[in-house]
Amino acid sequence: MHLIAGVIALGILGISAHTLWMDRLGTWQEAERSSRNVLTTIARDLDNNLELLDLSLKGAIEGLRHLSSHQLSPDLRYRMLFDRAASANFMTALLLVDSNGDLIADAGPVIASRSLNVSDREYFTVHKNTQHLGLYVSRPYQSRAPHGDLAIGISRRLSDSGGGFAGVVMGSIALNTINQRFEHLSLGQQGAINLFRGDGVLLTRYPFDESQINQDLGGSPHVQRLLKDKAGTFDSVSPIDGVHRIISFGRLEKYPLVLTVALSVDEVFAAWERKALVLSLVTLVLCCAVVGLTFVFQRELKRRTRAETKLRRIARTDDLTGLPNRRAFRETFEREWRHAIRSGSALSVLFIDADYFKSFNDRYGHGRGDEVLRAIAGTLDASIRRPRDIAARYGGEEFAVILPETNLTGAMRIADTIRQTIATMAVTHEGSPYHIVTVSIGVASARPSRGSERNTLFEAADQALYRAKAAGRNAVRSPGEDAVQHRTPRPNAAA
């Protein structure tokens, strides 16, 4: 019963655990899909806007090559240099500077010359020192515009006819312009979007925190994984703020930038954890109920089993003497008869009858008669020692004893011991010629074989009892005895 309860409880636990695990996997996969979808959308938008900005840079370079003289009017000069810049709404400023870093022209709203030198800027020094760099993305820097916003520079080198350094064309992007495109996204309280340069420098981040910008995180294993692969999804603890997140990342198709969309693991699994808690509590209650009901059922089953056992024992026990009754005697005899057939052993039966018992009841009353029957029953029970021997009350003042694996000689010896023990009790009986309570015993023995009638043994024992009574009672007889044996002589001639 405990095993069944354990199996059921384990089954419930297993099903619940499997359900929760599959639900957790589904939640994880859904978070990965969501972060990848957001990443794809943002990456396409950045790619398109950067492409427009790059086209503006290339257009300015082309326009500068076609300027044969500096005698063109400022308006025409502006149109030739910055005609393509009108479509790059992502751009904050577009500058052309010479080899000294001095401003040649800019795509600002006012077509007029102004004094500006950028020779100290990273985007200028890198192109000056490196010839074949191509498109370059600078670290974030503080703009020299009146508002002084943080920006990044997207630049290309200007070369003269001999391939020498002739200056730089640079378009700047304010970081708040990039971050404004992330504001409508719902990533949770701890979700984040990061834009890294190809060497691991953090260009911008949403939610924006200026203290975290411009960090070189190229040495972090977390960021190295971003820079190593083209795209992917993994979970990791951020080296920026220490939050455990599910991170989807991808390189922009045409530019040396890596974009990440990260969702907080705690927030992703918050709803799942609440569901897991409820389901775990329900499962625990169910398991406790199964175990509890099992104990209750087992206790009730034991109680009923004990009650049924008691009823069976009562049904097989004589109320007066406590010995097995006639029914129990018959069942035991059937069992021992079959066993004797299988083993080929002897089986003996004693039929015992209290002498002149009706006269005893008439003289001393039924109460005293019951005491005598209990005393005889106690003597029978004490006289048989082996576990399979059984003494029973057969009816009224009659008793019977079954002696398995006992031949006639042994049975006669046991019967005479019983007779003598009862006589030794010396219970007064004035209605008996012996003046004490005595018994007569009939003994029969057989070696049963297949097909033999079991009733023949009963009949033989009954016949032997009749012979014992005919011999004057207080005697032991077997069916074949003619001489008077095992009897105490009567003190008088009473029958």
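This is a predicted model, so every value here is computed, not measured.

Calculation notes
Residues numbered from 1 in each chain as written. Predicted model: local features only at pLDDT ≥ 70, side-chain atom pairs only at ≥ 80, totals over all residues. Heavy atoms only, no water. Patch = residues over 30% accessible without salt bridge, like charges linked within 9 Å, V, L, I, M, F, W, Y side chains within 5 Å. Areas by Shrake-Rupley, 256 points an atom, 1.4 Å probe, with all protein chains shown as cover. Salt bridge = Lys/Arg side-chain N within 4 Å of Asp/Glu carboxyl O. Helix = DSSP H or I, 4+ residues; strand = E, 2+ residues; numbered from the N terminus. Buried < 20%, exposed > 50% of the residue type's maximum accessible area, 1.4 Å probe, protein only. 1 Å grid on protein atoms, 1.4 Å probe; cavity = no way out; pocket = protein on both sides within 12 Å on 5 of 7 lines; lining within 4 Å. Points joined across faces, edges and corners; volume = space filled by probe spheres on them. Nonpolar A, V, L, I, M, F, W, Y, C, P; charged D, E, K, R; others polar. Contact = heavy atoms within 4.5 Å. Polar contact = N/O pair within 3.5 Å; in protein donor to acceptor, adjacent residues only side chain to side chain. Pairing = 2+ DSSP bridges. Lys, Arg positive; Asp, Glu negative; His and termini not counted. Charge placed at Lys NZ, Arg CZ, Asp CG, Glu CD. Axes fitted to C-alpha atoms, helices over the stretch in contact; angles between N-to-C directions. Phe/Tyr/Trp six-rings, centres within 6.5 Å; stacked < 30°, edge-to-face > 60°. Lys NZ or Arg CZ within 6 Å of the ring centre and 35° of its normal. Core = buried A, V, L, I, M, F, W, Y, C linked by side-chain atoms within 4.5 Å.

**Some remarks on a nonpolar patch on the surface**
Now for step 1: On the surface, W21, M22 and L25 cluster together into a nonpolar patch covering about 300 Å² of accessible area.
Now for step 2: Assignment of secondary structure puts L25 in helix α1 (residues 2-66).
Now for step 3: The class of L25 is partly exposed, set by a relative accessible area of 31%.

**Here we look at empty space enclosed by the protein**
Now for step 1: All chains considered together, the criterion is met by two cavities of 30 Å³ or more.
Now for step 2: Lining the largest cavity are 13 residues, and of these N194, H222, S238, I247 and T260 sit closest to its centre.
Now for step 3: Of all the secondary-structure elements, those providing two or more residues to the lining of the largest cavity are β7 (192-197), α5 (221-228), β10 (244-251) and β11 (257-264).
Now for step 4: Counted by class, the lining of the largest cavity contains eight nonpolar, four polar and one charged residues.
Now for step 5: Quantified by volume, the second largest cavity comes out at close to 30 Å³.
Now for step 6: If you go around the second largest cavity, the residues you meet are L46, L50, F90, I152, I173, I178, L195 and L257.
Now for step 7: Classifying every residue of the lining of the second largest cavity by side-chain character gives eight nonpolar, no polar and no charged.

**Concerning the environment of R386**
Now for step 1: With respect to the helices, strands and loops of the structure, R386 is situated in the loop between α10 (366-383) and β13 (390-395).
Now for step 2: The class for R386 is partly exposed, based on a relative accessible area of 36%.
Now for step 3: Apart from residues lying up to four places away in sequence, R386 is in contact with L403, P404, E405 and T406.
Now for step 4: Of note is the side chain of R386, whose polar atom sits 2.4 Å from the side chain of T406.

**Considering the pairing of β7**
Now for step 1: For β7, the tally of buried residues reaches six of six residues, placing the bulk of the element in the interior.
Now for step 2: Neither face of β7 is exposed, since A192, N194 and F196 on one face and I193, L195 and R197 on the opposite face are all buried.
Now for step 3: Here β7 runs beside β11; their pairing, made up of six bridges, is antiparallel. Bridge assignment links L195 to a residue of β11, and that residue is L259.
Now for step 4: Bridging between β7 and strand β8 (residues 202-206) involves four bridges; their strand directions are antiparallel. Along β8, the bridge assignment pairs L195 with T204.
Now for step 5: Counting the residues that bridge the hairpin from β7 to β8 gives four residues, and of these G200 lies at a positive phi of roughly 100 degrees.

**A closer look at a positive patch on the surface**
Now for step 1: Residues R335, R338, R342 and R450 make up a contiguous surface patch of positive charge.
Now for step 2: For R338, the position within the fold is in helix α8 (residues 326-343).

**Brief notes about the sheet that holds β7**
Remark on secondary structure: sheet strands pair via backbone hydrogen bonds, oriented parallel or antiparallel.
Now for step 1: Within the open sheet, the five strands sit side by side as β8-β7-β11-β10-β9. Their pairing is antiparallel. This sheet does not close on itself; its edge strands, each paired only once, are β8 and β9 (231-237). The sheet shows a mean angle of 20 degrees between the axes of neighbouring strands, direction not considered.
Now for step 2: Both β10 and β11 contribute to a ladder of seven bridges, which runs antiparallel. Within β11, the residue paired with R245 across the bridge is S264.

**Quick word on the packing of aromatic side chains**
Now for step 1: Counted under the stated rule, the structure contains 14 aromatic pairs.
Now for step 2: Here the aromatic rings of F182 and Y206 are separated by 6.2 Å at their centres, their planes lie at 70 degrees, and the arrangement is edge-to-face. Taken as a pair, F182 in the loop between α4 (175-180) and β7 and Y206 in strand β8 lie far apart in primary sequence, 24 residues in all.
Now for step 3: For F182, a relative accessible area of 2% gives the class buried.
Now for step 4: Members of the aromatic cluster, each reached through a chain of ring pairs, are F329, F333, W337, F351, Y394 and F458.
Now for step 5: A cation over an aromatic ring shows up here: R24 above the ring of F269, its NZ or CZ 4.3 Å from the ring centre.
Now for step 6: Cation over ring: R326 sits above Y394, and NZ or CZ is 4.1 Å from the ring centre.

**Things to note about the pattern of salt bridges**
Now for step 1: For the structure on display, the rule yields 24 salt bridges.
Now for step 2: Between R205 and D241 there is a salt bridge, and its shortest N-O distance comes to 2.8 Å. In this pair, R205 is assigned in strand β8 and D241 in the loop between β9 and β10, connecting sequence segments 36 residues apart.
Now for step 3: One salt-bridge network, in which partners are shared between bridges, spans D54, K58 and R156.

**Considering the layout of surface pockets**
Now for step 1: Empty space within the second largest pocket amounts to approximately 300 Å³.
Now for step 2: As for the second largest pocket, its lining consists of 16 residues, of which T40, A43, G250, R251 and E253 are closest to the centre.
Now for step 3: Broken down by secondary-structure element, the contributors of at least two residues to the lining of the second largest pocket are α1, β9 and β10.
Now for step 4: The biggest single contributor to the lining of the second largest pocket is α1, with six residues.
Now for step 5: Among the residues forming the lining of the second largest pocket, the class breakdown is five nonpolar, five polar and six charged.

**Here we look at the nonpolar core**
Soluble globular proteins: nonpolar side chains tend toward being buried together.
Now for step 1: Formed by 46 residues in total, the largest nonpolar core has its most connected members in I42, L46, I154, V169, I173, I178 and L259.
Now for step 2: It is α1 that provides the largest number of residues to this core, a total of 13 residues.
Now for step 3: When sequence neighbours within four positions are dropped, the list of residues in contact with I42 reads F182, L185, I193, L259 and V261.
Now for step 4: In this structure, I376, L403, A411 and V437 belong to the second largest nonpolar core, which totals 28 residues.

Interpretation note: all reported values are geometric properties and have no functional meaning in isolation.
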